[in-house]
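Observations on the model geometry
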Amino acid sequence: LGHTLSVMVVKAQAVRRLVERDPQAAAAHASDIERIGRDALVDVRRAVDAMRSLSLCDELEGARQALDAAGIRAEVVPFPGRLPEPVDETLAWVVRESATNVIRHSGAAQARFALSDIDGDVELSVVDDGVGGSVHGTREGGLDGLRRRVAAAGGRLDLDAGPEGFRL
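Because the structure is a prediction, the values reported are computed rather than measured. (Residues numbered from 1 in each chain as written. Predicted model: local features only at pLDDT ≥ 70, side-chain atom pairs only at ≥ 80, totals over all residues. Heavy atoms only, no water.)

Looking at the nonpolar core
Leu56, Leu67, Phe113 and Leu168 are the most contacted members of the largest nonpolar core, which totals 36 residues. When contributions to this core are tallied by element, the ones reaching two or more residues are α2 (23-51), α3 (56-69), β1 (73-77), α4 (85-106), β2 (110-118), β3 (121-128) and α5 (142-152). The dominant element in this core, judged by the number of residues it contributes, is α4, at eight residues. When neighbours within four sequence positions are excluded, Leu67 is seen to be in contact with Ile72, Ala74, Ala99, Val102, Ile103, Ala111 and Phe113. (Core = buried A, V, L, I, M, F, W, Y, C linked by side-chain atoms within 4.5 Å. Buried < 20%, exposed > 50% of the residue type's maximum accessible area, 1.4 Å probe, protein only. Helix = DSSP H or I, 4+ residues; strand = E, 2+ residues; numbered from the N terminus. Contact = heavy atoms within 4.5 Å.)

Observations concerning the environment of Thr100
One can find Thr100 in helix α4. Residue Thr100 is classed as buried on the basis of its relative accessible area, which comes to 1%. A C-alpha to C-alpha distance of 10.0 Å links Thr100 and Leu5, two positions 95 residues apart in sequence.

Here we look at the pattern of salt bridges
With the rule as written, the count across this model stands at five salt bridges. Ionic pairing is found between Arg96 and Glu59, a salt bridge with its closest N-O pair at 2.8 Å. With Arg96 in helix α4 and Glu59 in helix α3, the pair connects residues that are 37 residues apart, well separated along the chain. One exposure class covers both Arg96 and Glu59, and it is buried. Between Arg64 and Glu61 there is a salt bridge whose closest N-O contact spans 3.3 Å. Here Arg64 and its partner Glu61 are both found in helix α3, three residues apart, which amounts to about one turn of the helix. Overall, Arg64 belongs to the partly exposed group, its relative accessible area being 29%. Here Glu61 falls in the partly exposed class, since its relative accessible area comes to 34%. (Salt bridge = Lys/Arg side-chain N within 4 Å of Asp/Glu carboxyl O.)

Focus: the side chain of Ser125
Here Ser125 shows up in strand β3. Judged by its relative accessible area of 9%, Ser125 falls in the buried class. Those residues in contact with Ser125 that lie beyond four places of it in its chain are Arg112, Phe113, Ala114, Arg167 and Leu168.

Structure representation (structure tokens):
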């Protein structure tokens with residue numbers, strides 16, 4: 001639902017830009033949809049945090065669907081094994097936040113999610129071909145919150161933004 005609401009926000013923004021008939025009324029309705037969608041997204045995330053843990057497999061599939069719905073080609077390279085539950089859940093949060101950021105901020109045409117084993121450590125890389133951006137989060141959640149979540153699980157979050165896109 002959270003990803004669906006993110007897509008709704010993106011589509012509402014597109015409606016506001018593209019509607020030719022009665023642009024003022026369309027813009028007002030789109031602004032309402034965007035505001036309500038953003039508020040609902042915050043509420044849903046709080047509820048999900050409190051209710052259950054996430055599954056990496058489910059989040060990868062959800063990311064693929066959300067990106068496809070937003071017109072962004074998604075490639076997922078899965079990990080060929082089973083991960084311990086805390087690692088699985090932490091990476092699921094990374095996938096969720098990354099997919100949301102690609103949809104909201106990147107302007108990307110494609111994104112790639114890949115899991116690999118590097119000298120016994122699990123690495124998740126998310127790479128898009130969008131506009132890049134800041135490697136510093138600007139709100140309590142976002143990348144700063146994700147960095148804290150990954151660090152608490154004993155991991156490290158590396159970010160690289162450049163003209164070729166964004167890599168997490």
